[in-house]
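In case you want the letters, here they are:
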Amino acid sequence: MIRAELSKLLSLPATWVTLGWTLAVNVLLTFVIAVGGSAVAYSQAGFVVLGALATCSEYTGGQIRTTLTVMPRRVHQLTAKYIALVALTVPAALVVALSGTVITMAVLGSWAVPWEVAEVTAYVTLVTLLGAAVGALVRHTLAAVALVIGYLFVVTPLVQDTVFAGDVVTLAFWTPAFLGIALFVHRLRDA
Amino acid sequence: MWFSRGLGSLNGVITIDGLVKRRGKTEILSGVGFQALPGRVTGFLGPNGAGKSSTLRILLGLDRAQQGTALVNGVPFVSLADPVRTVGAVLDGSGAHRSRTGRAHLRWVARSAGLPLSRIDEVLELVGLADAGSKRVGRYSLGMGRRLALATALLGDPPVLVLDEPLNGLDPEGIRFIRTFLRERAESGRTVLLSSHLMGELAETVDDVVVIDRGRIVAQGTLAEVTGAHRSLEEAFFALVSR
């Protein structure tokens, strides 16, 4: 099932368009801002789109009916999709994290710790999965992207130091929570 | 062969019993029940909105019924050990994302069941899409989309086929192809259950007939039994369903 879900992700042109633009914009922004970590503050939007696409693309052309008739165990199916998405996202997130670090080092001559690379990778992966979970719940790419980006770009700056702050620690709580809710709803509702 | 897999007499049998489905306050299905047997084409007929699609969606595990059971080989669809090799489903549209190619669509389905990828070209050939496999689904005609849905259903060469309005969107040649094809499937011992609102198109194709109207089964039996004293299946149908 993981291979099937990975096959779906990789054969969707939108996946590559999104990743391509995200990486390009990230590199460009890193040069402009010249501070490794902060370009991710913007390019994370691309990963939200990637996550939302992964789940919402099921609802184009009635593909969900095919998915659920060939993989009727819904919790297994959606979990397989989450895993496939992580397998695709982690390498891309690493590229984003490393490109930021390498460019910053080259431009500023400062050293970034490996820990930062790991944190950025983890953060970007969590954001992608949050996009996927919200996508699975609302079943509409634009709506899911608007909700998650609205949260990350508008809500989180207002609620720093609360449990809703969008840092890697709070996301490590909220993302699994939403992934779980999405599994539960996906299992129960009529497709 | 499929019948050597064990499960005895229930192999290839679809058994639907006492289905009740409500959406909000409206009752869409009020105790729908019938069987579809191996070696026979069963036509599930009724006017639009009678509950044909709802019944098939429940059978395929897409929707849930409030009451009743829908079983394939004696088990609910979601409990089938190997759904792709057991039931092929053709629902409306192509069932494929429009920006994927037909071949890429069949590839992920084949992977979901661990089927050899060589099956992809076989089924594309079978439904007459051999030249269109590398085209994006968004550029398919309505009829080509329907053929891709059929190709998807046939990937696992299943003993049971369930088709919702398979003739919709097909040109006369496509209709003829589907009829001949479904007859051949039944004659090789497989189960074919198809829904339709087109009586005239089906009279020559089906062995058994189940008529549904407003969420209730109003007649079922062999084609001859349901047609009865009427001149044709179509006339029998209009005598049976309320308007």
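Residues numbered from 1 in each chain as written. Chains lettered and ligands numbered in written order. Predicted model: local features only at pLDDT ≥ 70, side-chain atom pairs only at ≥ 80, totals over all residues. Heavy atoms only, no water.

### A word on the packing of helix H3 (residues 102-112) of chain B against helix H4 (residues 118-126) of chain B
All names here are of chain B.
Turning to step 1, where the next piece is worked out: Remark: H3 packs on H4, axes separated minimally by 9 Å, with the N-to-C direction vectors making an angle of 125°. Classified by the interaxial angle, the pair formed by H3 and H4 is oblique. H4 is crossed by H3, and the crossing has right-handed handedness. Contacts between H3 and H4 involve Arg103, Leu106 and Arg107 from the former and Ile120, Asp121, Val123 and Leu124 from the latter.
Turning to step 2, where the next piece is worked out: Here the residues of the contact of H3 with H4 sort into four nonpolar, no polar and three charged. (Axes fitted to C-alpha atoms, helices over the stretch in contact; angles between N-to-C directions. Helix = DSSP H or I, 4+ residues; strand = E, 2+ residues; numbered from the N terminus. Parallel < 35°, antiparallel > 145°, perpendicular 65-115°, else oblique. Left-handed = near helix turned anticlockwise from the far one by under 90°. Contact = heavy atoms within 4.5 Å. Nonpolar A, V, L, I, M, F, W, Y, C, P; charged D, E, K, R; others polar.)

### Considerations on the pairing of strand E6 (residues 87-90) of chain B
Residue and element names in this part refer to chain B.
Turning to step 1, where the next piece is worked out: Burial along E6 is two-sided: the residues Val87 and Ala89 and Gly88 and Val90 are all buried.
Turning to step 2, where the next piece is worked out: The pairing of E6 with strand E7 (residues 160-164) spans four bridges and is classified as parallel. The partner of alanine 89 across the bridge, within E7, is valine 162. (Buried < 20%, exposed > 50% of the residue type's maximum accessible area, 1.4 Å probe, protein only. Pairing = 2+ DSSP bridges.)

### What about the interface of chain B and chain A?
Turning to step 1, where the next piece is worked out: At the junction of the two partners, chain B supplies 34 residues and chain A supplies 27 residues.
Turning to step 2, where the next piece is worked out: In this assembly, chain B packs against chain A so that about 2600 Å² is buried in total across both faces, 52% of it on carbon and sulfur atoms.
Turning to step 3, where the next piece is worked out: When residues of chain B are sorted by the area they lose upon contact with chain A, Leu62, Arg100 and Trp108 of chain B head the list and together hold 26% of the total.
Turning to step 4, where the next piece is worked out: Across the chain B-chain A interface, the total number found is two salt bridges.
Turning to step 5, where the next piece is worked out: For aspartate 190 of chain A, the salt bridge is made with lysine 21 of chain B, and the minimal N-O distance between the two is 2.6 Å.
Turning to step 6, where the next piece is worked out: Connecting chain B to chain A are 18 residue pairs in polar contact (both at pLDDT 80 or more).
Turning to step 7, where the next piece is worked out: Mapped onto the side of chain B that touches chain A, the elements with two or more residues apiece are strand E1 (14-23), helix H2 (83-86) and H3 of chain B.
Turning to step 8, where the next piece is worked out: The greatest single-element share of the side of chain B that touches chain A, amounting to seven residues, is contributed by H3 of chain B.
Turning to step 9, where the next piece is worked out: Of the residues assigned to the side of chain B that touches chain A, the class counts are 14 nonpolar, nine polar and eleven charged. (Buried area = accessible area lost by both parts, 1.4 Å probe. Salt bridge = Lys/Arg side-chain N within 4 Å of Asp/Glu carboxyl O. Polar contact = N/O pair within 3.5 Å; in protein donor to acceptor, adjacent residues only side chain to side chain.)

### Observations concerning the side chain of histidine 105 of chain B
Turning to step 1, where the next piece is worked out: Inspection of the secondary structure assignment puts histidine 105 of chain B in helix H3.
Turning to step 2, where the next piece is worked out: The residues touching histidine 105 of chain B, leaving out its near neighbours within four places in the chain, are Thr66 of chain A together with Gly95, Ala96, Arg100, Leu148 and Thr152 of chain B.

### Regarding helix H9 (residues 233-240) of chain B
Residues and elements named next belong to chain B.
Turning to step 1, where the next piece is worked out: All buried positions along H9 are accounted for by Leu233, Ala236 and Phe237. Projected down its long axis, H9 carries its buried residues within an arc of 100°, all on one side.
Turning to step 2, where the next piece is worked out: Of the surrounding elements, those touching the buried residues of H9 are strand E3 (41-45), helix H7 (199-202), strand E9 (208-213) and helix H8 (223-227). (Arc of directions from axis to C-beta.)

### Re the packing of aromatic side chains
Turning to step 1, where the next piece is worked out: What the rule picks out here adds up to five aromatic pairs over all chains.
Turning to step 2, where the next piece is worked out: Consider the rings of tryptophan 174 of chain A and phenylalanine 178 of chain A, whose centres lie 6.5 Å apart with planes at 45°: the pair is tilted. With tryptophan 174 of chain A and phenylalanine 178 of chain A both in helix H8 (residues 168-188) and four residues apart, this pair spans about one turn of that helix.
Turning to step 3, where the next piece is worked out: Relative to phenylalanine 238 of chain B, the ring of phenylalanine 237 of chain B has its centre 5.4 Å away and its plane inclined at 75°; by these criteria the two rings are edge-to-face.
Turning to step 4, where the next piece is worked out: Judged by relative accessible area, phenylalanine 238 of chain B falls into the partly exposed class, the value being 37%.
Turning to step 5, where the next piece is worked out: Aromatic ring contacts, followed pair by pair, group Phe173, Trp174 and Phe178 of chain A into a single cluster.
Turning to step 6, where the next piece is worked out: Stacked on the ring of tryptophan 108 of chain B, the Lys or Arg lysine 8 of chain A has its end atom at 4.2 Å from the ring centre. (Phe/Tyr/Trp six-rings, centres within 6.5 Å; stacked < 30°, edge-to-face > 60°. Lys NZ or Arg CZ within 6 Å of the ring centre and 35° of its normal.)

### Some remarks on the confidence of the model for chain B
Turning to step 1, where the next piece is worked out: Looking at chain B as a whole, its pLDDT mean stands at 91, while 95% of the residues score no less than 70.
Turning to step 2, where the next piece is worked out: With pLDDT under 50 throughout, residues 1-7 of chain B is counted as low confidence; its partners more than four residues away or in other chains account for eleven contacts. (pLDDT = per-residue confidence, 0-100.)

### Re the environment of aspartate 92 of chain B
Turning to step 1, where the next piece is worked out: Assignment of secondary structure puts aspartate 92 of chain B in the loop between E6 and H3.
Turning to step 2, where the next piece is worked out: Residue classification places aspartate 92 of chain B among the partly exposed positions, given a relative accessible area of 45%.
Turning to step 3, where the next piece is worked out: Along the sequence, aspartate 92 of chain B and asparagine 168 of chain B sit 76 residues apart, while their C-alpha atoms lie 8.3 Å from each other.
Turning to step 4, where the next piece is worked out: Beyond its immediate chain neighbours, meaning those up to four positions away, aspartate 92 of chain B contacts Arg65 of chain A together with Arg146 of chain B.

### Quick notes on the sheet that holds strand E5 (residues 75-76) of chain B
Residue and element names in this part refer to chain B.
Turning to step 1, where the next piece is worked out: With respect to topology, four strands assemble into an open sheet ordered E2-E1-E4-E5, the strand pairing being antiparallel. With partners counted over all chains shown, the strands left at the sheet margins are strand E2 (26-36) and E5, one partner each.
Turning to step 2, where the next piece is worked out: Strand direction decides the pairing type here: strand E4 (residues 67-72) and E5, joined by two bridges, are antiparallel. Paired with leucine 71 across the two strands is proline 76, which belongs to E5.
Turning to step 3, where the next piece is worked out: In the packing of helix H1 (residues 52-59) onto the sheet, contacts are made with E1, E2 and E4, and the angle to E1 comes to roughly 115°.

### Topic: the pairing of E1 of chain B
Residue and element names in this part refer to chain B.
Turning to step 1, where the next piece is worked out: The pairing of E1 with E2 spans eight bridges and is classified as antiparallel. Paired with threonine 15 across the strands is glutamine 35, a residue of E2.
Turning to step 2, where the next piece is worked out: The hairpin turn running from E1 into E2, its antiparallel successor, is two residues long, and glycine 24 in that turn takes a positive phi close to 65°.

### Things to note about the packing of helix H6 (residues 114-138) of chain A against helix H7 (residues 141-158) of chain A
All names here are of chain A.
Turning to step 1, where the next piece is worked out: Orientation of H6 relative to H7, taken along the N-to-C sense of each, is 135°, at an axis distance of 8 Å. As the angle between them shows, H6 and H7 are arranged oblique. Between H6 and H7 the crossing geometry is right-handed. Of H7, the residues touching H6 (which contributes Tyr123, Val127, Leu130, Gly131, Val134, Gly135 and Val138) are Ala143, Ala144, Leu147, Val148, Tyr151 and Leu152.

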